[in-house]
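Here is what each chain is made of, one letter per residue.
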Amino acid sequence: MIGFLRDIQRLLFTKEETMNSFRIGLIVLAALLECTGLAQAQTAKNLVGTWSLVSNVLTREDGTKNLNETLKGIAMFDTGGNFIILNSRSDLPKFQSNNRSTGTAEENKAVVGGSLSVFGTFTVENNDINLKVEGGSWAAWNGTVQKRLILSLTADELRYTVRGSVGGSNVNVLKRIN
């Protein structure tokens, strides 16, 4: 079959036209792959900077979705491979005692459930951000590698998904602030 196609190609096109057609086909394929975000794996260099959380949508294990409208966050990735991510609900209670060591059970529960911070080192492989967590507010992640699957990454926007610390999965959208 391949020989037959080559014979037709020789009859219809010169060698130069065949090469030009091949080159055009490769350019079209590369453009299509670039548009779908599959052309090349992301690199850590693409991620370096400071990002502000725009939205966080939790899809629970039963399929229901929850847009967390009060969540604010920031993520920083530096050229040395270090990161810090801080997320906090804007409606966290102020402790009546004005002392974080003497919060009530309700105040403590609200703060633990409404904030998350992690720091450590990161790498990017293919479309995965690998966060090697050295510490943070959720001790269960300390010493682990947390993966974030990059859904899209442009100069100004990062979209990734992650398994939620409360179950289900989150899609986070961040905008670059520098």
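Owing to the predicted nature of the structure, the values given are computational and were not obtained by experimental measurement. Counting of residues starts from 1 at the beginning of each chain's written sequence and follows it residue by residue. Residue-level local features of this predicted model are given only where pLDDT is at least 70; pairs of side-chain atoms are given and counted only at 80 or more, and the full residue set underlies all totals for whole chains, interfaces and linings. Hydrogens are left out, water is left out, and the side-chain values use all remaining heavy atoms of the structure.

## Some points on the overall build of the chain
In step 1: To qualify as a helix, a DSSP run of H or I must reach at least 4 residues; to qualify as a strand, a run of E must reach at least 2; elements of each kind are numbered from the N terminus. The number of helices and strands found in the chain is four helices and nine strands.
In step 2: We call a residue buried when its accessible area falls under 20% of the maximum for its residue type, exposed when it is over 50%, and partly exposed in between, using a 1.4 Å probe and counting protein chains only. Expressed as a percentage of its 178 residues, the buried residues of the chain come to 26%.
In step 3: Contacts are assigned to residue pairs that have any heavy atoms within 4.5 Å of one another. Taking the intrachain contacts of the chain between residues at least 6 apart in sequence as the baseline, contacts between residues at least 24 apart amount to 43%.
In step 4: Surface exposure of the chain reaches about 12000 Å², of which carbon and sulfur atoms provide 57%. Values of accessible area rely on a 1.4 Å probe in the Shrake-Rupley scheme; residue burial ignores everything except the protein chains shown.

## Observations regarding the packing of aromatic side chains
In step 1: Two rings from Phe, Tyr or Trp (for Trp, the six-membered ring) form a pair when their centres sit within 6.5 Å of each other. Planes less than 30 degrees apart are called stacked, planes more than 60 degrees apart edge-to-face, and all others tilted. Applying the stated criterion across every chain, the model contains two aromatic pairs.
In step 2: Ring pairs connect the aromatic residues Phe77, Phe83 and Phe122, which therefore count as one cluster.

## Observations regarding a nonpolar patch on the surface
In step 1: Within this analysis, patches are made of residues with over 30% relative accessible area and no salt bridge. Like charges are joined at 9 Å or less; nonpolar side chains (Val, Leu, Ile, Met, Phe, Trp, Tyr) at 5 Å or less. Each salt bridge in this description consists of a side-chain nitrogen of Lys or Arg and a carboxyl oxygen of Asp or Glu lying within 4 Å of one another. Residues Met76, Ile84, Leu86 and Phe119 make up a contiguous nonpolar surface patch of about 320 Å² in total accessible area.
In step 2: Following the sequence through the fold, leucine 86 ends up in strand E4 (residues 82–89).
In step 3: Look at leucine 86 and you get partly exposed, because its relative accessible area is 40%.

## Overview of the environment of valine 173
In step 1: If you trace the backbone, valine 173 turns up in strand E9 (residues 169–176).
In step 2: Looking at valine 173, the relative accessible area reads 7%, which means it is buried.
In step 3: Put simply, valine 173 and leucine 158 are 15 residues apart on the chain and 5.8 Å apart in space, counted from C-alpha to C-alpha.
In step 4: Setting aside residues no more than four positions away along its own chain, valine 173 makes contact with Ser52, Leu53, Val54, Ser55, Glu157, Leu158 and Arg159.

## What about the pattern of salt bridges?
In step 1: As enumerated under the stated definition, the model contains two salt bridges in all.
In step 2: One salt bridge connects aspartate 91 with arginine 89, and the closest N-O pair in it is separated by 2.7 Å.
In step 3: Since its relative accessible area comes to 32%, arginine 89 is described here as partly exposed.
In step 4: Between glutamate 157 and arginine 159 there is a salt bridge, with the nearest N and O atoms lying 3.0 Å from each other.
In step 5: Using a relative accessible area of 34% as the deciding quantity, one classes arginine 159 as partly exposed.

## A few points about the environment of aspartate 156
In step 1: Its location among the elements puts aspartate 156 in the loop between strand E7 (145–153) and strand E8 (157–163).
In step 2: Here the alpha-carbon distance between aspartate 156 and leucine 174, two residues 18 residues apart in the chain, equals 8.4 Å.

## What about the side chain of glutamate 107?
In step 1: Tracing the sequence through the fold places glutamate 107 in helix H4 (residues 105–113).
In step 2: Counting of polar contacts relies on pairs of N or O atoms within 3.5 Å, with two restrictions inside protein: one atom must be capable of donating a hydrogen and the other of accepting it, and residues adjacent in sequence are counted only when both atoms are side-chain atoms. A distance of 2.8 Å separates the side chain of glutamate 107 from the backbone nitrogen of threonine 104, its partner in a polar contact.
In step 3: For glutamate 107, the contacting residues outside a window of four places in its chain are Pro93, Lys94, Phe95 and Gln96.

## Notes on the nonpolar core
In step 1: Definition of nonpolar core: a set of buried residues of the types Ala, Val, Leu, Ile, Met, Phe, Trp, Tyr and Cys, connected through side-chain atoms within 4.5 Å. Core analysis: the biggest nonpolar cluster contains 21 residues, and Phe77, Phe83 and Leu158 have the highest contact counts within it.
In step 2: Looking at this core, the elements with two or more residues in it are strand E1 (49–59), strand E3 (71–77), E4, strand E5 (115–125), strand E6 (128–136), E7 and E8.

## Topic: unusual backbone geometry
In step 1: Not every positive phi belongs to a glycine, and asparagine 98 is a case in point at roughly 60 degrees.
In step 2: Among the secondary structure elements, asparagine 98 is positioned in the loop between E4 and H4.
In step 3: By relative accessible area, asparagine 98 is classed as exposed at 73%.
In step 4: Its identity as a non-glycine residue notwithstanding, asparagine 126 has a phi of 55 degrees, on the positive side.
In step 5: Inspection of the secondary structure puts asparagine 126 in the loop between E5 and E6.
In step 6: Relative accessible area serves as the criterion here: at 59%, asparagine 126 is assigned to the exposed category.

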